[in-house]
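Residue-level structural notes
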Amino acid sequence: MTNIAICAPATPITREQAEACKTLVADEFPGTRVTFHEQCFASQGHFAGDDLTRLSALLDCANDTAYDVVWFAKGGYGSNRIAEAAVAQMNASARAKTYIGFSDCGYLLGALYRAGIGQCVHGSMPVSARSEKGREALRRVLQWLNGDNSGLERSLDGTTPAAAFNLITLTMLARTPAMPDLTGHVVMVEEVAEHLYAIDRLFFALVNSLPRIAGLRLGSITAVPENYVEFGQSEEEIARYWCDRAGIRYLGRAEIGHTSANKVVPFGLAGPARGS
């Protein structure tokens, strides 16, 4: 039995979304059990409870020996506010767990990866369980946790370490105490709801902050707002332009992002889930 604890380090989910995830797991993954921390449904302004509430729930899940996996319920914004405090208070049990999420929760994955705590994984989150396309994305995560690697990003070769982030999240992480060492990694980035000029600006800020990475792959750039004037370059042309300027190998596309096609990317070398 794989026991998964679910908490919300950033923004809350609804009980209906939690029930949809529980139903999916019960119907299709009998060897897996999910437990939602009550904090997932807390609300204080933008956040799923105040910083201390979110931090305490994350530590409850991470430090509890009853759980094998911590799955972040939803992104949004806020996990950066608790990331450093969280890794400083994690115990030996926390170091043996798998942590799954993406988007804003990349702040936490980055801090955990830097600290060498557990197995960090870019993957879709329980908030998506109420739509069929969302359930498809969650199935990839759950299948991987049960030893099925078919949902991994196809470019992973098992010999070069990789990591996947939301573009603005990774840009904000750079040069902070939570930024992991990505030397020699294939770095994958995706973005949602940003103008193309903002994508360009983010690449400008990011590329010269990266160490000697093995290369960069571009994931989905979705829900791009319409600007008053065409930017003049596509998202891929922007990525190539800044990679060329920084001397980074552009490796093509990756199937990650804020879409139902979002694939699983374990940080480091891809492999089976711990305990599978």
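Reference entry: report on the structure contained in this document. Treat the numbers as computed from the prediction; the structure is a model and nothing was measured.

For the protein chain, the helix and strand inventory stands at 9 helices and 10 strands. Against the compact-globule benchmark of 19 Å for 276 residues, the protein chain has a radius of gyration of 18 Å, which places it among compact chains. With 276 residues in all, the protein chain has 54% of them scored as buried. Across the protein chain, the fraction of contacts at a sequence separation of at least 24, relative to all contacts at a separation of at least 6, is 79%. When the accessible surface of the protein chain is totalled, it reaches about 11600 Å², and 48% of it is carbon and sulfur. For the protein chain, the centre of its 25 positive side-chain charges and the centre of its 29 negative side-chain charges are spaced 3 Å apart.

Overall, mixed pairing links the 6 strands, which are arranged β2-β1-β3-β4-β5-β10 in an open sheet. Each having just a single partner strand, β2 (32–36) and β10 (265–266) make up the two edges of the open sheet. Relative to strand β4 (residues 98–101), strand β3 (residues 69–72) runs parallel, the two being bridged by 3 bridges. Its bridge partner lying in β4, V69 is registered against T98.

Counting across every chain of the model gives 5 aromatic pairs. Between F165 and F267 the ring centres are 5.3 Å apart and the planes differ by 65°, which places this aromatic pair in the edge-to-face class. Remark: F267 occurs in the segment after β10 and F165 occurs in strand β6 (residues 162–166); sequence separation between them is 102 residues. The pair F165 / F267 is uniform in exposure class, with both members buried. Their ring planes at 90° and their centres at 5.0 Å tell us that Y241 and W242 sit as a pair that is edge-to-face. Aromatic rings pair up to connect Y113, F165 and F267 into one cluster.

Scoring rules and cut-offs
Residues numbered from 1 in each chain as written. Predicted model: local features only at pLDDT ≥ 70, side-chain atom pairs only at ≥ 80, totals over all residues. Heavy atoms only, no water. Helix = DSSP H or I, 4+ residues; strand = E, 2+ residues; numbered from the N terminus. Rg over C-alpha atoms; globule rule 2.2 N^0.38 Å. Buried < 20%, exposed > 50% of the residue type's maximum accessible area, 1.4 Å probe, protein only. Contact = heavy atoms within 4.5 Å. Areas by Shrake-Rupley, 256 points an atom, 1.4 Å probe, with all protein chains shown as cover. Lys, Arg positive; Asp, Glu negative; His and termini not counted. Charge placed at Lys NZ, Arg CZ, Asp CG, Glu CD. Pairing = 2+ DSSP bridges. Phe/Tyr/Trp six-rings, centres within 6.5 Å; stacked < 30°, edge-to-face > 60°.

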